[in-house]
Amino acid sequence: MPDAQPESRPLVIYGPTSHAYDFGPGHPFTPRRFAPGIDLLRALGAADFEEPVAADDAALATVHKLGFLADIARLSDYPEMADELAVTDGDTPAFYGMHHAGATVVGGTLHAMEQLLAGERGHAFHPGGGLHHAFPARASGFCVFNDVAVAIRRARDGGHRVLYVDVDVHHGDGVEAIFWDDPLVQTVSIHQSGLTLFPGTGWVEDRGGKGAQGSAVNIPLEPGTSDASWLAVLESVVPAVAAAFRPTLLVTLNGSDAHAHDPLANLQLTTLAFARAARLLDDIAHRYAGGRWLATGGGGYDVYSAVPRNWALVWLAQAHHDVPAETPLGWRERWTSEAESRSVNAPPALMLDPEGTAKPESALVAAANRATAAKALQHTLAVLSERHGS
Ligand SMILES: [Zn+2]
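Residues numbered from 1 in each chain as written. Predicted model: local features only at pLDDT ≥ 70, side-chain atom pairs only at ≥ 80, totals over all residues. Heavy atoms only, no water.

S.K.: What is the right way to read the packing of helix H1 (residues 34–43) against helix H11 (residues 329–341) from this model?
M.R.: Two numbers describe a pair of packed helices, the interaxial angle and the distance between the axes. Contact geometry of H1 with H11 gives a least axis separation of 9 Å together with a crossing angle of 165 degrees. By the criterion of interaxial angle, the relationship of H1 to H11 is roughly antiparallel. In this structure, H1 crosses over H11, and the sense of that crossing is right-handed. Seen from H1, the contacting residues are Ala 35, Pro 36, Asp 39, Leu 40 and Ala 43; seen from H11, they are Trp 331, Arg 334 and Trp 335. (Axes fitted to C-alpha atoms, helices over the stretch in contact; angles between N-to-C directions. Helix = DSSP H or I, 4+ residues; strand = E, 2+ residues; numbered from the N terminus. Parallel < 35°, antiparallel > 145°, perpendicular 65-115°, else oblique. Left-handed = near helix turned anticlockwise from the far one by under 90°. Contact = heavy atoms within 4.5 Å.)

S.K.: What am I meant to see in empty space enclosed by the protein here?
M.R.: Taken as a whole and judged by the stated rule, the model has two cavities of 30 Å³ or more. Considering only enclosed or pocket space, the largest cavity measures out at about 100 Å³ in volume. Forming the walls of the largest cavity are 14 residues, and the residues nearest its centre are Ser 18, Tyr 21, Phe 34, Val 105 and Gly 128. At three residues, helix H5 (residues 98–117) tops the list of elements feeding residues into the lining of the largest cavity. In terms of residue class, the lining of the largest cavity is built from seven nonpolar, six polar and one charged. One number sums up the size of the second largest cavity: a volume of about 40 Å³. If you go around the second largest cavity, the residues you meet are Val 167, Trp 230, Asn 254, Gly 255, Phe 274, Ala 277, Ala 278 and Asn 310. The leading source of residues in the lining of the second largest cavity is helix H9 (residues 271–288), at three residues. (1 Å grid on protein atoms, 1.4 Å probe; cavity = no way out; pocket = protein on both sides within 12 Å on 5 of 7 lines; lining within 4 Å. Points joined across faces, edges and corners; volume = space filled by probe spheres on them. Nonpolar A, V, L, I, M, F, W, Y, C, P; charged D, E, K, R; others polar.)

S.K.: When you look at the coordination of the zinc ion in this model, what are you seeing that I'm missing?
M.R.: For a metal with four tetrahedral donors the ideal donor-metal-donor angle is 109.5 degrees, while six octahedral donors give ideal angles of 90 or 180 degrees. Distances from the zinc ion to its protein donors, His 123 (NE2), Asp 282 (OD), His 286 (NE2) and His 320 (NE2), fall within 1.8 to 2.0 Å. One can describe the site at the zinc ion as tetrahedral: its four donor atoms subtend angles covering 94 to 125 degrees at the metal. Within one chain, the residues serving as donors to the zinc ion are arranged as H-x158-D-x3-H-x33-H. Separated by 38 residues along the polypeptide, Asp 282 in helix H9 and His 320 in the loop between helix H10 (306–319) and H11 bring together distant segments of the chain. By relative accessible area, His 320 is classed as partly exposed at 28%. (Donors = N, O, S within 2.8 Å, 3.2 Å for Na, K, Ca; no water. Tetrahedral: all angles 85-135°; square planar, octahedral: opposite > 155°, others 65-115°. Buried < 20%, exposed > 50% of the residue type's maximum accessible area, 1.4 Å probe, protein only.)

S.K.: I'm lost on unusual backbone geometry in this one. Help?
M.R.: Note on backbone geometry: most residues besides glycine have negative phi, and most peptide bonds are trans. With an omega of 0 degrees, the peptide bond between Phe 198 and Pro 199 qualifies as cis. Structurally, Pro 199 is set in the loop between strand S5 (185–192) and strand S6 (216–221). With a phi angle near 75 degrees, Phe 142 is a residue other than glycine that sits in the positive phi range. Secondary-structure assignment places Phe 142 in the loop between strand S3 (123–126) and helix H6 (147–157). When its relative accessible area of 12% is taken as the criterion, Phe 142 is described as buried. Within the chain, Arg 246 stands out as a residue other than glycine whose phi angle is a positive 60 degrees. Inspection of the secondary structure puts Arg 246 in the loop between helix H8 (227–245) and strand S7 (249–253). Owing to a relative accessible area of 42%, Arg 246 belongs among the partly exposed residues under this scheme.

S.K.: Just checking my understanding: could you explain the pairing of strand S8 (residues 293–296) for this structure?
M.R.: Along any regular strand, the residues point their side chains to alternate faces of the sheet. Side-chain alternation along S8 places Trp 293 and Ala 295 on one buried face and Leu 294 and Thr 296 on a second face that is also buried. Strand direction decides the pairing type here: S7 and S8, joined by four bridges, are parallel. Bridging from a neighbouring strand, Leu 250 pairs with Trp 293 of S8. In this fold, the crossover linking S7 to S8 by way of H9 has right-handed handedness. (Pairing = 2+ DSSP bridges. Right-handed = clockwise from strand over helix to strand, strands pointing away.)

S.K.: Explain the pattern of salt bridges to me, please; I cannot follow it from the model alone.
M.R.: Side chains carrying opposite charge are able to pair once their charged atoms draw close together. Following the criterion strictly, the structure yields eleven salt bridges and no others. The partner of Glu 114 in a salt bridge is Arg 154, with the nearest N and O atoms 2.8 Å apart. Of this pair, Glu 114 sits in helix H5 while Arg 154 sits in helix H6, placing them 40 residues apart in sequence. For Glu 114, a relative accessible area of 31% gives the class partly exposed. (Salt bridge = Lys/Arg side-chain N within 4 Å of Asp/Glu carboxyl O.)

S.K.: Just to check I follow, could you spell out the sheet that holds strand S4 (residues 162–166) for this structure?
M.R.: Remark on secondary structure: sheet strands pair via backbone hydrogen bonds, oriented parallel or antiparallel. Read across the sheet, eight strands follow the order S2-S1-S3-S8-S7-S4-S5-S6 without closing on themselves; strand pairing throughout is parallel. In this open sheet, the two strands that pair with only one neighbour each are strand S2 (49–50) and S6. Pairing between S4 and S7: five bridges, direction parallel. The residue of S7 that forms the bridge with Val 165 is Thr 252. Its contacts with the sheet place helix H12 (residues 363–387) against S5 and S6, and it is angled at close to 175 degrees to S6.

S.K.: Quick question: what am I supposed to make of the side chain of His 99 here?
M.R.: Tracing the sequence through the fold places His 99 in helix H5. Take His 99: its relative accessible area is 13%, and that puts it in the buried class. Leaving out residues up to four positions away in the same chain, His 99 has contacts with Asp 57, Leu 60, Leu 69, Ile 72, Ala 73, Ser 76 and Phe 145.

S.K.: Would you take a moment to explain the environment of Arg 207 for this structure?
M.R.: Relative to the helices and strands, Arg 207 is located in the loop between S5 and S6. C-alpha separation for the pair Arg 207 and Val 217, spaced ten residues apart in sequence, amounts to 5.7 Å. Once you skip the residues sitting within four places of it in the chain, Arg 207 turns out to touch Trp 180, Ala 212, Gln 213, Gly 214, Ser 215, Ala 216, Lys 375 and His 379.

S.K.: Looking at this structure, I do not really get the side chain of Asp 147. What am I missing?
M.R.: Note that Asp 147 resides in helix H6. The charged side chain of Asp 147 is buried without a salt bridge, its nearest counter-charge being Arg 33 at 11 Å. Here Gly 130 takes part through its backbone nitrogen, which lies 2.8 Å from a polar atom of the side chain of Asp 147. Residue contacts for Asp 147: discarding those within four places in its chain leaves Val 105, Val 106, Thr 109, Gly 129, Gly 130, Leu 131 and Thr 296. (Lys, Arg positive; Asp, Glu negative; His and termini not counted. Polar contact = N/O pair within 3.5 Å; in protein donor to acceptor, adjacent residues only side chain to side chain.)

Shown next as structure tokens:
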């Protein structure tokens, strides 16, 4: 279907420099995640790649404290000072070159944003971006610098109203905190409840700071949530918030870790939900945000199955291509033996998981999720409609 806005091919941010962000062997957020996913994008026709280049300290400082940037620069040369400087955590260990590696993730997302702001692109996707747990003065949860927040800050300072939708299985705590008091940045995070998952925050009562009530929306979901109620939540909350907030630009974090097969979390989604989410977000970008949509990859640890197919579904939605029934045979052949050698899920034949991939959710889970979404939505819509005087 033709778009109302001029639309070019989506930009994908990826290149050899993406691999510098590496916490070392055995860490789940490994650059090994890139190869099977990027290879699938190429097999589906993606050809428009740009390599990320490090952002400078001035860009990082739009979100991060100068003392923190200095500490990360120090850890970059002396990772053994991690305990002394105390700005990292056990999940986010210091490594040689971490300042440059983190700045490169930010540079990729920021470049994508600049392309959108200049009107050069309608959509862009940075699979290595989405480091949503980084705070102004603290690295956390595999995230050193908050690339998403730096890009949102740039758009907001350029006069945009930014809608940020985070469907990673973990609460988008860093992004939410950074824009907590800003009514021009609307955050929506749909995640597994902090009662049972890192970072342990993101309650439905958390709605934004003084002067920005309603600008944060949190939907904590029960463990065991599957496609049915996850999609019901997404489809009831995100379009309604978009209609009330009236964004001029959409930023998303399309994590792959809510999938049933993800080893680090407890939701039960299939790639059917990821596909529907990507199409819904594309529709919102065109309907409300002038077609401007910057997507990031976020988390996801089922490296040969859930992650590559989710990235492909995001790219296919951005390219406005139909989803093929099967993954390309050549792609499967290239990655099956590596997956088997690591005893993890092999690349599947189907793009969309068949019925029975995930356990169905209980009626109690579905009812709890529905009530949570209704509660969050009611409050935010009331506040936003009052603020806009409509
Ligand atoms: Zn589109």
